[in-house]
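Close look at the chain arrangement
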Amino acid sequence: MENNTIIQFKHVTKQFDNDPPVLDDVSFEIERGKFYTLLGPSGCGKTTILRLIAGFTEPSKGEIFFNGKKINDLPANKRQVNTVFQDYALFPHLNVFENVAFGLRIKKLKNAEIHAKVKEALSFVNLSGYENREIREMSGGQRQRVAIARAIVNEPEVILLDEPLSALDLKLRTEMQYELRELQRRLGITFIFVTHDQEEALAMSDEIFVINKGTIQQSGTPTDIYDEPINRFVADFIGESNIVSGKMIKDYLVEFVGREFECVDGGFDANEPVEIVIRPEDLEITSLERGKLQVRVDSQLFRGVHYEICGIDKDGNEWLVHSTKKAKVGDEIGLYFDPEAIHVMRLGETEEEFDRRIEIYADVDRHGK
Ligand code: ATP
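Please read these numbers as outputs of a predicted model, since none were measured by experiment.

Quick look at the overall build of the protein chain
- Within the protein chain, the regular secondary structure consists of nine helices and 20 strands.
- A principal-axis box enclosing the C-alpha atoms of the protein chain has dimensions of 75 × 45 × 45 Å.
- Put simply, 66% of the contacts in the protein chain that link residues at least 6 apart link residues at least 24 apart.

In structure tokens, the structure reads:
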């Protein structure tokens, strides 16, 4: 295990009674000092991973390590981990100071030390001067900050955040995204953040784990995951995508919608069936002649920064386009894209196979085709 690894899951399965496993043979490593996001639809197992790390539940199979030590049986209160819950779980009858001081009082620290630590934690979350406020007098965003102060005051090595922004309105949510990201950088503590909001995950994380049905589909930086989704689920979940079936004729040549297109992917078998992703912002509206695809404009919405245009090709495939240019519903138009805009996905590829293939092709690119 690398020295920088703080948490490791090895083949962890979690099953309740005879239900299908909630987590199915999950393995991953978390490095010290980074911002991680567990991203996936409701019920995919995100909270269960946090609960296993916090020690609120035990794995049915597999091992969990913290700083290289197996912690499967270590009680929650002995773990260097604090959780910020979705509903904040603050004590309504205690003021801000006492909410933050709670854990320190249990540890029986001296009063002077408690005061110094709470003061510092509150200043970290910009709540200096709010010590005597009642929780009910605080806004949603302020309660959120109290909950974070309560977590950081214990100086844990890892902070777990379970959808902490979901109760906030959009504007406040965006502000808190910046604040949390900034706070994590200043503290240098590992954050593991749970959300089902892909934009939030892309904006905040160093690393994202995309989870579906109890397995990690793909892990990587936001740009890795956005630019090179491993499968249809990730491509769809992580942003709006055009996804069609096709086949790989040979390296750098792919066929879909009945035509051949130059691409930058390789490492597939000849004529291997694949799926193709093209992001809406990579499609450019052009003349019918210049277009690599020809579509009829079916609908158009103005989205402020761009138009969202849906075109339909002769086979009935829908193509979503984000364009600063306007189109006209009913018009026949061309869509142009660069070879780099085509992302080819192998059916049923595992993350290890995918990483190896990408690595080989990055190497080919560096050293010439
Ligand atoms: P959400 O975003 O809705 O919170 P999630 O991805 O965090 O979802 P989990 O809370 O980890 O998902 O739940 C995963 C699955 O495990 C769900 O189907 C849930 O019903 C099931 N589950 C969780 N806890 C228990 C339990 N104590 N007993 C039985 N099933 C459970």
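Focus on helix H1 (residues 46-54)
- In terms of burial, H1 is largely enclosed, as seven of its nine residues are buried.
- Phi for Gly 55, located one or two positions after H1, is positive at around 90°.

So, the domain arrangement of the protein chain
- Per the domain assignment, the segments of the protein chain are domain 1 (5-227), domain 2 (241-278 + 338-369) and domain 3 (284-336).
- Computed over C-alpha atoms only, the centres of domain 2 and domain 3 are separated by 24 Å.
- Domain 2 puts four residues into the contact, and the matching count from domain 3 is seven residues.
- Taken together, the residues of the side of domain 2 that touches domain 3 sort by class into three nonpolar, one polar and no charged.

Observations regarding the sheet that holds strand E4 (residues 61-66)
- Read across the open sheet, the four strands follow the order E2-E1-E4-E5; overall the sheet is antiparallel. Because the sheet does not close on itself, it has two edges, and the strands there are strand E2 (23-31) and strand E5 (69-70).
- Summarising the sheet, strand E1 (residues 5-14) and E4 pair through five bridges and their orientation is antiparallel. From the neighbouring strand, Phe 9 faces E4, where its bridge partner is Ile 64.
- In this fold H1 packs onto E1, E2 and E4, with an angle of close to 120° to the strand it touches most, E1.

Thresholds applied
Residues numbered from 1 in each chain as written. Predicted model: local features only at pLDDT ≥ 70, side-chain atom pairs only at ≥ 80, totals over all residues. Helix = DSSP H or I, 4+ residues; strand = E, 2+ residues; numbered from the N terminus. Contact = placed C-beta atoms within 7 Å. Buried ≥ 20, exposed ≤ 12 C-beta atoms within 10 Å, placed from the backbone. Domains from an automatic or database assignment. Nonpolar A, V, L, I, M, F, W, Y, C, P; charged D, E, K, R; others polar. Pairing = 2+ DSSP bridges. Axes fitted to C-alpha atoms, helices over the stretch in contact; angles between N-to-C directions.

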